[in-house]
Amino acid sequence: MLAIRIHETGGPEKLCTDDIPVPMPGAGEVRIHVEAAGLNFIDTYQRGGLYAVPLPFTLGAEIAGLVSMVGAGVTEFSVGDRVATAKASGGYAAEALAPAAHVVKIPNGVTTQMAAALMLQGLTAHYLAIDTFPLKSGHTALIHAAAGGVGLLLVQLAKRAGARVIATVGSDEKVALVRGAGADEVVVYTRDNFTTAARAFTGGLGVDVVYDAVGKDTFAGSIDSLRPRGMFVSFGNASGPVPPFAPLLLSQKGSLYFTRPTLLHHTQTSAELRGRTDDLFGAVLSGALKVRIGATFPLKAAAEAHRALEGRGTTGKVLLLL
Ligand code: NDP
């Protein structure tokens, strides 16, 4: 079967179109016939070597499609079920395995492509807005890269919670999109100073929380945008990892809280996963949450898709289609 693998780390040119055997599900696993694989920034970290993976490695954790086989002990899924997961092994392929406990059925009314778009980025936006910093009315959140996959969903969930949102985007073309998602203020941070904007918007006080997955380039400005005892949520490295810093900095900048969460620890049980996906799918079905599929590429063009994502040329979700 077709699979996109890396045999060594590096740029998008390291993505190889390989022909590999169809995997067989082990106990507790399901095999999924992939219809859409979500492209996520983590795929670029793994491809580039920032996050180590065993080689050769088939990229792709987020997929949606049809169950094609179930392993021993799996009772809740049958062949033909329409499902999605953010925990696939080797999702950039025609068929991929996933633990049944981390697979969800896609409800009628939610398309397979939407489900592929929601599993990793939607779940991330969900735990960030609801658990990492439980947003509510009266809070002001600064959300970076707000036109991206996580960003557009996080803006909407923050608004659903009643918070005010200051969003940043890398170019003028992305401003209307983020305003359309509900952002109260949008800053083109490649041109304008987002810290100045955050302070102005909050009467000089600073924001309650910064959601920063840009990393290296925004770290200092994000710290300076927070109110005393505000929370810095560092959840990604799109521009490179945050450099090491002394804890004393948090004290000097206002007794700040700093956390570096990841999805893994927010979907540890099947019940937690299903609670979050039920909420996300429900929000889509009610019209409260819009999922933007910004671009689709054939799976074989995965390298082109990686270049577009890393080149800041995409908005919303990027899908690889079989
Ligand atoms: P996005 O669609 O948001 O794409 C990344 C965006 O980051 C770009 O579109 C760009 O937007 C912005 N960006 C800023 N500087 C750079 C740069 N130097 N190079 C590339 N992009 C840059 O991707 P995802 O939604 O997949 O992921 C967003 C972030 O969330 C990533 O950092 C990812 O690692 C993180 N993440 C973390 C998870 C967790 O649980 N911790 C889970 C999922 C994602 P602009 O041009 O508007 O600045």
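Residues numbered from 1 in each chain as written. Predicted model: local features only at pLDDT ≥ 70, side-chain atom pairs only at ≥ 80, totals over all residues. Heavy atoms only, no water.

## Let's talk about the overall build of the protein
Turning to step 1, where the next piece is worked out: Each helix and strand in the protein was counted, giving 9 helices and 16 strands.
Turning to step 2, where the next piece is worked out: Relative to the globule expectation of 20 Å for 322 residues, the C-alpha radius of gyration of the protein, 20 Å, shows essentially globular dimensions.
Turning to step 3, where the next piece is worked out: With the principal axes as the frame, the protein shows a C-alpha extent of 60 × 40 × 35 Å.
Turning to step 4, where the next piece is worked out: Counting only residues that meet the buried cut, the protein has 55% of its 322 residues in that class.
Turning to step 5, where the next piece is worked out: Across the protein, every contact between residues at least 6 apart in sequence was considered, and the portion connecting residues at least 24 apart equals 68%.
Turning to step 6, where the next piece is worked out: On the protein, roughly 12900 Å² of surface is accessible, and the fraction owed to carbon and sulfur atoms is 55%.
Turning to step 7, where the next piece is worked out: Taking the average place of the 28 positive charges on the side chains of the protein and the average place of its 26 negative ones, the gap between the two points comes to 5 Å. (Helix = DSSP H or I, 4+ residues; strand = E, 2+ residues; numbered from the N terminus. Rg over C-alpha atoms; globule rule 2.2 N^0.38 Å. Buried < 20%, exposed > 50% of the residue type's maximum accessible area, 1.4 Å probe, protein only. Contact = heavy atoms within 4.5 Å. Areas by Shrake-Rupley, 256 points an atom, 1.4 Å probe, with all protein chains shown as cover. Lys, Arg positive; Asp, Glu negative; His and termini not counted. Charge placed at Lys NZ, Arg CZ, Asp CG, Glu CD.)

## Concerning the site of the ligand
Turning to step 1, where the next piece is worked out: Neighbouring residues of the ligand: 29 residues in total, closest Y45, Y127, G170, K174 and Y189.
Turning to step 2, where the next piece is worked out: One of the backbone nitrogen or oxygen atoms of G170 is found 2.7 Å away from an oxygen atom of the ligand.
Turning to step 3, where the next piece is worked out: At a separation of 3.4 Å, an oxygen atom of the ligand approaches a polar backbone atom of N237.
Turning to step 4, where the next piece is worked out: Relative to its unbound accessible surface of 900 Å², the ligand loses 92% to contact with the protein.
Turning to step 5, where the next piece is worked out: Every element with two or more residues in the shell around the ligand is listed here: helix 1 (41-48), helix 2 (112-132), helix 3 (149-160) and helix 9 (302-310). (Near = heavy atom within 4 Å. Polar contact = N/O pair within 3.5 Å; in protein donor to acceptor, adjacent residues only side chain to side chain.)

## Quick word on the sheet that holds strand 2 (residues 15-19)
Turning to step 1, where the next piece is worked out: Taken in spatial order, the 3 strands line up as 2-1-4 in an open sheet, and their pairing is antiparallel. Among the strands making up the open sheet, the edge pair consists of strand 2 and strand 4 (57-58).
Turning to step 2, where the next piece is worked out: Taken together, the 2 bridges between strand 1 (residues 2-6) and strand 4 define a ladder with antiparallel strand orientation. The residue bridging I6 from the neighbouring strand is F57, located in strand 4. (Pairing = 2+ DSSP bridges.)

## Considerations on the sheet that holds strand 13 (residues 226-234)
Turning to step 1, where the next piece is worked out: Taken together, the 6 strands give an open sheet; going across it, the order is 11-10-9-12-13-14, and neighbouring strands pair in parallel fashion. A strand with exactly one partner marks an edge of an open sheet, and here the two such strands are strand 11 (185-188) and strand 14 (257-259). Strand after strand, the sheet turns through a mean of 15° between neighbouring axes, direction not considered.
Turning to step 2, where the next piece is worked out: As judged from the 5 bridges shared by strand 12 (residues 207-212) and strand 13, these two strands associate in the parallel manner. (Axes fitted to C-alpha atoms, helices over the stretch in contact; angles between N-to-C directions.)

## Observations regarding the pairing of strand 10 (residues 164-169)
Turning to step 1, where the next piece is worked out: Of all 6 residues that make up strand 10, 5 are buried, and the element is covered over most of its length.
Turning to step 2, where the next piece is worked out: Sheet topology places strand 9 (residues 140-143) next to strand 10; 4 bridges connect them, and they run parallel. Bridging across to strand 10, A141 finds its partner in V165.
Turning to step 3, where the next piece is worked out: With helix 3 bridging strand 9 and the parallel strand 10, this β-α-β connection has right-handed handedness.
Turning to step 4, where the next piece is worked out: Of the strand pairs in this sheet, strand 10 and strand 11 are connected by 4 bridges, and their pairing is parallel. Looking at strand 11, one finds that T168 is bridged to V187.
Turning to step 5, where the next piece is worked out: What joins strand 10 to strand 11 is helix 4 (residues 175-180), and the crossover it makes is right-handed. (Right-handed = clockwise from strand over helix to strand, strands pointing away.)

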